[in-house]
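# Observations on the model geometry
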Amino acid sequence: MQAWKSGDTDWRNDHEAVAKYANTLENWFVEMRGRGVQWSPADQARAQSWFALGIPLGTALRVLQARARAYRFAHGAQAPLPMHLSWYEPALLEQARHLVRHGLGAAIATEAPPPAADSLTELVDALPDLIAQATHVGTVRAFQKAFQLLDAQLQGDDDDTEASEPVLDDEEGAIDARLEKCCKSMTRIVLSSLPEQELAELDQGVQAQLQPFRGQMGKKALAMRHAALTARVLAERYGLRYPTRSGWLVPGQEG
């Protein structure tokens, strides 16, 4: 991807804007990490590369804060955060792709309005509250598994290597596959937590709803409908929500 330009002006010549962008990120980073933390040349280069991509400063700060919350949720409130910006970069790039996908582009110095849908970063950021509010043990475990699966996609390596030019190429199919895998895993976890009698009752109800469609649908279509009906029952009875491009929803609420 080419470096950001305004007209014929290369971003590297906008010294004041680059410095403001990098210095703001440095101040946040040092404040969050605590005393004794140094902003390395690799961190500086990485911050400049985010500026060059056109990631708004406010967006960068929100993602950094969200990733810090997720890290401390997983490792404890007093856990020292990863030392280098390289760990946060996958989430920054994912958020930038999300902005582009929703037609907001990449406008330096102009904070775009929030997109209508949630990014992976925002889906992960919502999980601690979902876990705290869940009342069924299977639902709690399912949300915890979702945190583990989705959070892993946003972690980089915490090293001080020199930043390479980030790329915003995006494979939407990969995101959909990631969310589908997470949803299937969550369903399995809740089902496995149910007593045998309760599980049999649930399946009996789903099979009854499928009955009118037998003979009208193929085996694959019936299996997909069975899965969708099961997910809806788990959402209604046990408060399960699933990660989608539109946030954490009950199946059928998408769009």
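Residues numbered from 1 in each chain as written. Predicted model: local features only at pLDDT ≥ 70, side-chain atom pairs only at ≥ 80, totals over all residues. Heavy atoms only, no water.

### What about helix α1 (residues 15–33)?
- Across its 19 residues, α1 extends 26 Å between first and last C-alpha, which sits within 8% of the 27 Å expected from 1.5 Å per residue.
- Turning to α1, its buried residues number three or more, namely V18, Y21, A22, L25, W28, F29 and R33. The buried residues of α1 all sit within an arc of 125° when viewed along its axis, so they share a single face. Projecting away from the buried face of α1 at angles above 90 degrees are the exposed residues H15, E16, K20, N27 and E31.
- Buried residues along α1 sit in contact with α2 (41–53) and α3 (57–75). (Helix = DSSP H or I, 4+ residues; strand = E, 2+ residues; numbered from the N terminus. Expected span 1.5 Å × (residues − 1). Buried < 20%, exposed > 50% of the residue type's maximum accessible area, 1.4 Å probe, protein only. Arc of directions from axis to C-beta. Contact = heavy atoms within 4.5 Å.)

### Some points on the packing of aromatic side chains
- Evaluation of the coordinates by the stated rule reveals eight aromatic pairs.
- Look at Y21 and F51: their rings are 5.3 Å apart centre to centre, the planes differ by 80°, and that puts the pair in the edge-to-face class. Residue Y21 is located in helix α1, and its partner F51 is located in helix α2; the two are separated by 30 residues in the primary sequence. With respect to class, Y21 is no different from F51; both count as buried.
- Summarising the aromatic geometry, the rings of Y71 and W87 are spaced 5.4 Å apart at their centres and angled 90° between planes, so their arrangement reads as edge-to-face. (Phe/Tyr/Trp six-rings, centres within 6.5 Å; stacked < 30°, edge-to-face > 60°.)

### So, the environment of Q209
- For Q209, the location among the structural elements is in helix α8 (residues 196–210).
- The spacing of Q209 and R225 is 16 residues in sequence and 9.7 Å in space, taken between C-alpha atoms.

### Looking at the nonpolar core
- Counting 63 residues, the largest nonpolar core has L25, F143, M186 and W248 as the members making the most contacts within it.
- When sequence neighbours within four positions are dropped, the list of residues in contact with L25 reads W39, A47, W50, L57, A60, L61 and L64. (Core = buried A, V, L, I, M, F, W, Y, C linked by side-chain atoms within 4.5 Å.)

### Notes on helix α4 (residues 89–101)
- Given a rise of 1.5 Å per residue, 13 residues ought to cover 18 Å, and the 18 Å separating the end C-alpha atoms of α4 matches this to within 8%.
- Those residues of α4 that sit buried are E89, A91, L92, L93, E94, Q95, A96, H98 and L99.
- Against α2, α3 and α5 (120–133) lie the buried residues of α4.

### Here we look at the pattern of salt bridges
- Under the definition given, this model contains six salt bridges.
- Close ionic contact of R46 with E89 constitutes a salt bridge, the shortest N to O distance being 3.3 Å. Remark: E89 occurs in helix α4 and R46 occurs in helix α2; sequence separation between them is 43 residues.
- Residue classification places R46 among the buried positions, given a relative accessible area of 5%.
- The residue R232 makes a salt bridge to E236 at a minimum N-O spacing of 3.9 Å. Taken as a pair, R232 and E236 lie in helix α9 (residues 219–238) at a separation of four residues, close to a single helical turn.
- Judged by its relative accessible area of 55%, E236 is exposed. (Salt bridge = Lys/Arg side-chain N within 4 Å of Asp/Glu carboxyl O.)

### Examining the side chain of S86
- Assignment of secondary structure puts S86 in the loop between α3 and α4.
- Residue class for S86 comes out buried when judged on its relative accessible area of 8%.
- Not counting residues up to four positions away in its chain, the partners in contact with S86 are R46, G156, D157, D158 and D159.

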